[in-house]
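Chains, contacts and geometry: an overview
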Amino acid sequence: MKAVIQAGGAGTRLASVAKDLPKPMVDIGGKPILQWQLESLKRSGITEALIIVSKQSTAIQDYFGDGASLGMKITYYVEQSPLGTGGAFTYIAKQIHEDILFLLGDLMLDVSWERMIDFHRSHEGLITAYVHPNSHPADSDILMLREDGLVLSVLPKNKERESFYHNLVLAGVYVISAELLQTFEDEEELYKMDYEKEILMPTIACDGVYGYVCSEYIKDCGTPSRYYAVIRDLENGIIAAKNLKSPQKAIFLDRDGVINVFGDYVTEASLLQLTENASKAIRLINESGYLAIVITNQPIVARGDTTLAELDNIHAKMETLLGADGAYLDAIYFCPHHPDKGFEGERVEFKIDCECRKPKIGMILKAKERFNIDLESSWFIGDTDRDIMTANNAGCKAILLTSGDPHPFGHFPNAKVDYTVRDILEAVTLILNQPKQ
């Protein structure tokens, strides 16, 4: 597969850092952003790249040349006038007759591209968009996904949103099928075009786009604050560590009493309220390089007290509230089952003795497989002995909170706690202050 990198933008938002350089040439840790991208591509076996550049500067061509110094083959398309993020697709379509990896040149990243490419090929969409949670969803385009990843709609950035949403943001990286590229081959001239508005959105409308949800490191360096945040992440070793080829560390979080206020049952979104320090604690997890993953039993579905659709809305509210505070979750796993039968209003299909209900570790094993998690280096924060027993069974370290369930013990008296603290913030602070191995 060949890569196409859009590197022709003016970069006005980053002018105080970039000065006269194109954004992709801004230095991070002694190398331009674009070099980090190319080296990441090469590590996944992608050795050919077409870079779209502006005629205003030859800095990119002068620095990289034909790519031989990186062990790659690099060619260029020079825009004689600004064509927007999608205007060069007519040229691309005439030059490349296979699926391409298309990415914006101002993204700092470290990605195992094989995973995304395999996802694209298995789903057979026209476009696969890299999707991830971020700390500023309000000013990001949010994708609404079907369970299999099909993109149903987009909530545009900087517009008031009438419903709760999962924090799934476009990252600026796409696999685009040769079939879609062929639609540009008959165009005689190039013309200015916005990729998202004029290519991505119409393809979403015809059910042609899938979202590949991943936790690996991709960040926009387009503003000074984000640029300096990326430098901090590089210095702290977070960027390379987030690549899923490396074992990941996770902080598993129970939901009720840990992230949201403990109550009888949260059966509808209006009943969910975050605990006082949940957002701050999860922000610290996000900044640390640990994954933040919810593991929660929700037998309210089996009892008939709520539906899967409303449970999804509850979780969307939780993500919306966290996102408004600059925090995000990498994944939410829930068990809707309950083994005991014979109650009025119950849903029999969920009344099973499953492998996912805590203290069994089915949900954790799913997370382990998806994120390549090292369980021995991971933690579980919960407010009941069931949570602690789950941690014990998974081989994680366990922290019990005293601020959640008022009756945390009684079912699993043999559960072994590593630490007992008041709330989620105290727990996360304790974890992050542990001596490094």
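Preceding this section is the structure that the text describes.
These notes cover the structure that comes with them. (Residues numbered from 1 in each chain as written. Predicted model: local features only at pLDDT ≥ 70, side-chain atom pairs only at ≥ 80, totals over all residues. Heavy atoms only, no water.)

A word on the overall build of the protein. The secondary structure content of the protein amounts to 14 helices and 19 strands. Its C-alpha radius of gyration of 23 Å places the protein within 12% of the 22 Å reference for a compact globule of 437 residues. For the protein, the C-alpha atoms occupy an extent of roughly 70 × 45 × 35 Å along the three principal directions. Taking all 437 residues of the protein together, the buried fraction comes to 56%. Considering only intrachain contacts with a sequence separation of at least 6, the fraction spanning at least 24 residues in the protein is 73%. Summing over all exposed atoms, the protein offers an accessible surface of approximately 19500 Å²; the carbon and sulfur share of this is 49%. Taking the average location of the 43 positive side-chain charges in the protein and that of its 62 negative ones, the two points are 4 Å from each other. (Helix = DSSP H or I, 4+ residues; strand = E, 2+ residues; numbered from the N terminus. Rg over C-alpha atoms; globule rule 2.2 N^0.38 Å. Buried < 20%, exposed > 50% of the residue type's maximum accessible area, 1.4 Å probe, protein only. Contact = heavy atoms within 4.5 Å. Areas by Shrake-Rupley, 256 points an atom, 1.4 Å probe, with all protein chains shown as cover. Lys, Arg positive; Asp, Glu negative; His and termini not counted. Charge placed at Lys NZ, Arg CZ, Asp CG, Glu CD.)

A few words now on the side chain of Lys351. In this fold, Lys351 is placed in the loop between β16 (331-335) and α12 (362-371). Reaching out from Lys351, the side chain makes a polar contact with the backbone oxygen of Asp340 at a distance of 2.6 Å. Those residues in contact with Lys351 that lie beyond four places of it in its chain are Ala302, Arg303, His338, Asp340, Lys341, Phe343 and Glu346. (Polar contact = N/O pair within 3.5 Å; in protein donor to acceptor, adjacent residues only side chain to side chain.)

This paragraph deals with the pairing of strand β14 (residues 250-253). Alternating residues of β14 divide into Ala250 and Phe252 and Ile251 and Leu253, and every residue in both groups is buried. Across four bridges, the pairing between β14 and strand β15 (residues 291-297) is parallel. Counted as the bridge partner of Leu253 is Val294 from β15. The parallel pair β14 and β15, bridged by helix α10 (residues 278-288), forms a crossover whose chirality is right-handed. Two elements, β14 and strand β17 (residues 379-382), share three bridges in a ladder whose sense is parallel. Pairing of Ile251 across the sheet is with Trp379, part of β17. (Pairing = 2+ DSSP bridges. Right-handed = clockwise from strand over helix to strand, strands pointing away.)

Further remarks concern the pairing of strand β11 (residues 169-176). Here β11 lies mainly inside the structure; eight of its eight residues are buried. Pairing analysis gives four bridges linking strand β6 (residues 100-104) to β11, with the strands arranged antiparallel. When the bridges of β11 are listed, Ile100 appears paired with Ile176. Relative to β11, strand β8 (residues 127-132) runs antiparallel, the two sharing five bridges. When the bridges of β11 are listed, His132 appears paired with Val169.

On to the sheet that holds β14, then. Judged by pairing direction, the sheet is parallel, and its six strands sit side by side in the order β16-β15-β14-β17-β18-β19 without closing on themselves. In this open sheet, the two edge strands, each paired with only one partner strand, are β16 and β19 (419-421). Neighbouring strand axes in the sheet, compared pairwise and without regard to direction, differ in orientation by 20° on average. Strands β15 and β16 of the sheet are contacted by helix α11 (residues 308-324), whose axis makes an angle of about 145° with β16. (Axes fitted to C-alpha atoms, helices over the stretch in contact; angles between N-to-C directions.)

For the rest of this paragraph, the subject is the packing of α10 against helix α14 (residues 424-432). Remark: α10 packs on α14, axes separated minimally by 8 Å, with the N-to-C direction vectors making an angle of 20°. Between α10 and α14, the interaxial angle falls into the category roughly parallel. Relative to α14, α10 is oriented so that their crossing is left-handed. Across the interface between the two elements, Ala278, Lys280, Ala281, Ile282, Leu284, Ile285 and Ser288 of α10 pack against Ile424, Leu425, Val428, Thr429 and Leu432 of α14. A breakdown of the residues in the contact of α10 with α14 according to their chemical character gives nine nonpolar, two polar and one charged. (Parallel < 35°, antiparallel > 145°, perpendicular 65-115°, else oblique. Left-handed = near helix turned anticlockwise from the far one by under 90°. Nonpolar A, V, L, I, M, F, W, Y, C, P; charged D, E, K, R; others polar.)

Let's shift gears to unusual backbone geometry. Residue Pro359 follows Lys358 across a cis peptide bond; omega there is 15°. Along the polypeptide, Pro359 turns up in the loop between β16 and α12. Here Asn158, not a glycine, exhibits a phi torsion of approximately 60°, which is positive. Within the secondary structure, Asn158 sits in the loop between β10 (151-155) and β11. Phi angles above zero are rare outside glycine, and Asn372 is one such case at about 55°. According to the relative accessible area criterion, Asn372 is partly exposed, its value standing at 26%.

This part takes up the packing of aromatic side chains. The tally for this structure, following the rule as stated, stands at 13 aromatic pairs. Pairing Tyr174 with Tyr195 gives two aromatic rings, centres 4.7 Å apart and planes at 55°, and the pair type is tilted. Placement of Tyr174 in strand β11 and of Tyr195 in helix α7 (residues 195-205) is noted, with a sequence separation of 21 residues between them. With relative accessibility at 1%, the residue Tyr174 sits in the buried group. Taking the ring centre of Trp36 as reference, the NZ or CZ of Lys31 above it sits at 3.8 Å. (Phe/Tyr/Trp six-rings, centres within 6.5 Å; stacked < 30°, edge-to-face > 60°. Lys NZ or Arg CZ within 6 Å of the ring centre and 35° of its normal.)

Turning our attention to the state of the cysteines. Enumeration over the complete set of coordinates arrives at zero disulfides. Just so you know, Cys396 is unpaired, no disulfide at all, and the nearest cysteine sulfur is the one on Cys356, 17 Å from it. (Disulfide = S-S within 2.5 Å.)

Time to look at the environment of Gly237. Take Gly237: it is sitting in the loop between α8 (224-235) and α9 (238-241). C-alpha of Gly237 to C-alpha of Ala331: the two residues are 94 residues apart in sequence and 22 Å apart in space.

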